[in-house]
Amino acid sequence: MAPEAALGSGGPHNHAASTTDDDGSSPYDIPDRYENLDELAATSDAPLDDIRSGEQQVHPPQPQIAQSPLRDDEDKAAHEVSRLATQVYTLSYLVLFAIFGTLARVGLAHLTAYPGAPAGSFPTLWANVGGSLVMGFLVEDRKLFRYEWGTSSTSATYDAVLRRRRAGSAASVDLAAAKRAHLAAKKTIPLYIGLATGFCGSFTSFSTFIRDVFLALSNDMVGPDLRGLGPESRPAGDSVMAVLAVIIQTVGLSLAAYRAGAHLGAALEPYTPSVPSLGRRARHALDALGVFLGWGCWLGAVLLAIFPPHERWRGTVVFAIVFAPLGCLARFYLALLLNARRPSFPLGTFAANILGTMILGAAWDIAHSAASGGGVLGCQLLQGVEDGFCGCLTTVSTWVAELSSLRRRSAYVYGVVSVALATALMVVIMGSLRWTQGFAPLQCHP
């Protein structure tokens, strides 16, 4: 794949892209719109607005080599098989890493919720920071998947550019173009999509961030009472400060973590190992293992929900990992369908974050309603929807990647509208219960 070819696909009218092994075979045939995943398109070398605008340009048709009808049918059949296999591999990795990301988020929230914790009142802060850090590293890294760039010539070209720059001589090939070629090739690797979209997207949660914003506003966030005033005596000005604290800490630390991850990826480039080059059969065997683990783990989670070893496991984590893949897959398809429609405002991620926030608010109201008759099982099920489905449908890591990659004005508009609209909807949904009947205690434990 030549560096200049990396920018020629994507957008609503993009065609399938594929990588090519040295023997001319094509292990991955990427379906249309996979390039619309902003966590894969984000780069520090060009604004996301420009990348998306360039992808929407109409490209001239490439000359076709005349082939016999029989050979043409064979190539079409092979193309469809390769494309279907790539879709299956990608979805399987998304399911697998959505479960891992949810486990990491729930586990880290419990680890960081302790008496006297500096940010213990909203422990999912550290999950958002951690997922953003990993996302930044994956976007900047050029070593982990070095041998999966599509052709060995692309890797060799990039190494030649680096050697010339270190020696102080002029490089004949643009390093930024080589980086874009690498980023475009990484989009074709199902494992990389699983890590960026599946794990990082599920490790972070925009809906819980907005829930914490509302709890700070309504004085329902559990935290140390430094003044001894009690939960109902806090002045309105303190509620404003609490809201600003949640927003500034979450957005600021997540953006900083994303940048830190990118710098870490660049700084550790000489020391980062590369995944060994795999032959076509070995690569398909590894992806087949991902298929088995992804759907097998999801089936195991369903069985654990039906036959739990301990009743409290359902509300703590089991229902969450049952619903997690559904949220991750919904976010994945929303990004494919909507992200490229408006280059300066990623509609797919925006829709996922707003929709997930609304569902979480509704689930919170049902669980905290005094008239709720679902009992323990109903409460645990709703907790699973909040932590699993809504937690994976919404994402902070992709959101901060987009904020970092958009032009400054577009980033401010996108960020402010996302937080403001989500908070307003949460005030309507959760506030309708909080300021009428009040939140009743949960019944998630027998």
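Predicted model, so just to flag it, every value in this text is computed and none were measured.

Engineer: Can you explain the UniProt feature "transmembrane region" (unreviewed entry) in the protein? Please cite residues and give values.
Structural biologist: UniProt feature "transmembrane region" (unreviewed entry): in the numbering of this structure it lies at residues 88-108, 120-139, 189-210, 239-258, 288-307, 313-338, 345-364 and 411-433. From the first C-alpha to the last, residues 288-307 spans 28 Å; its make-up is 95% helix and 0% strand. Split by type, residues 345-364 is 90% helix and 0% strand. Its first and last C-alpha atoms lie 29 Å apart.

Engineer: Give a detailed account of the packing of aromatic side chains, specifying residues and quantitative values.
Structural biologist: According to the stated counting rule, one finds 11 aromatic pairs in the structure shown. Here Phe206 and Trp399 contribute two aromatic rings whose centre-to-centre distance is 5.2 Å and whose plane-to-plane angle is 70 degrees, an arrangement assigned as edge-to-face. Of this pair, Phe206 sits in helix α8 (residues 206-217) while Trp399 sits in helix α14 (residues 397-405), and the two are 193 residues apart along the sequence. According to the relative accessible area criterion, Phe206 is buried, its value standing at 0%. Aromatic pair Trp364 and Phe439: ring centres 5.8 Å apart, planes at 80 degrees, arrangement edge-to-face. Residue Trp364 is located in helix α12 (residues 347-367), and its partner Phe439 is located in the segment after α15 (408-434); the two are separated by 75 residues in the primary sequence. On the accessibility criterion, Trp364 (13% relative accessible area) is buried. Taken together, the ring pairs in this structure connect Tyr93, Phe97 and Phe100 into an aromatic cluster.

Engineer: Any details on the nonpolar core? Residues and values, ideally.
Structural biologist: In this structure, Phe209, Phe332 and Trp399 are the most contacted members of the largest nonpolar core, which totals 78 residues. Considering every element that reaches this core, the biggest residue donor is helix α11 (residues 311-338), with 11 residues. Not counting the four nearest positions on each side in its chain, Trp399 is found in contact with Phe206, Val251, Asn353, Tyr414, Gly415, Ser418 and Val419.

Analysis parameters
For every chain, the first residue of its written sequence is number 1, and the numbers climb from 1 along that sequence. Only residues with pLDDT of 70 or above have their local features reported here, since the model is predicted, and side-chain atom pairs are shown and tallied only from 80 upward, although totals for entire chains, interfaces and linings are computed over all residues. As a convention, hydrogens and water are excluded, and side-chain values are obtained from all of the structure's heavy atoms. UniProt positions are given in the numbering used here, feature names are shortened, and annotations may be inferred rather than shown by experiment. Labels follow the DSSP assignment, with helices taken as runs of H or I lasting at least four residues and strands as runs of E lasting at least two, numbered in each case from the N terminus. By convention, a stacked pair of Phe, Tyr or Trp rings (six-membered ring in the case of Trp) has centres within 6.5 Å and planes under 30 degrees apart, an edge-to-face pair has planes over 60 apart, and any other such pair is tilted. Remark: exposure states derive from per-residue accessible area (1.4 Å probe, protein chains only) relative to the maximum for the residue type, with buried under 20%, exposed over 50%, and partly exposed in between. For this analysis, a nonpolar core means a set of buried residues of the types Ala, Val, Leu, Ile, Met, Phe, Trp, Tyr and Cys, connected via side-chain atoms within 4.5 Å. Contact criterion: two residues are considered in contact whenever any of their non-hydrogen atoms come within 4.5 Å of each other.

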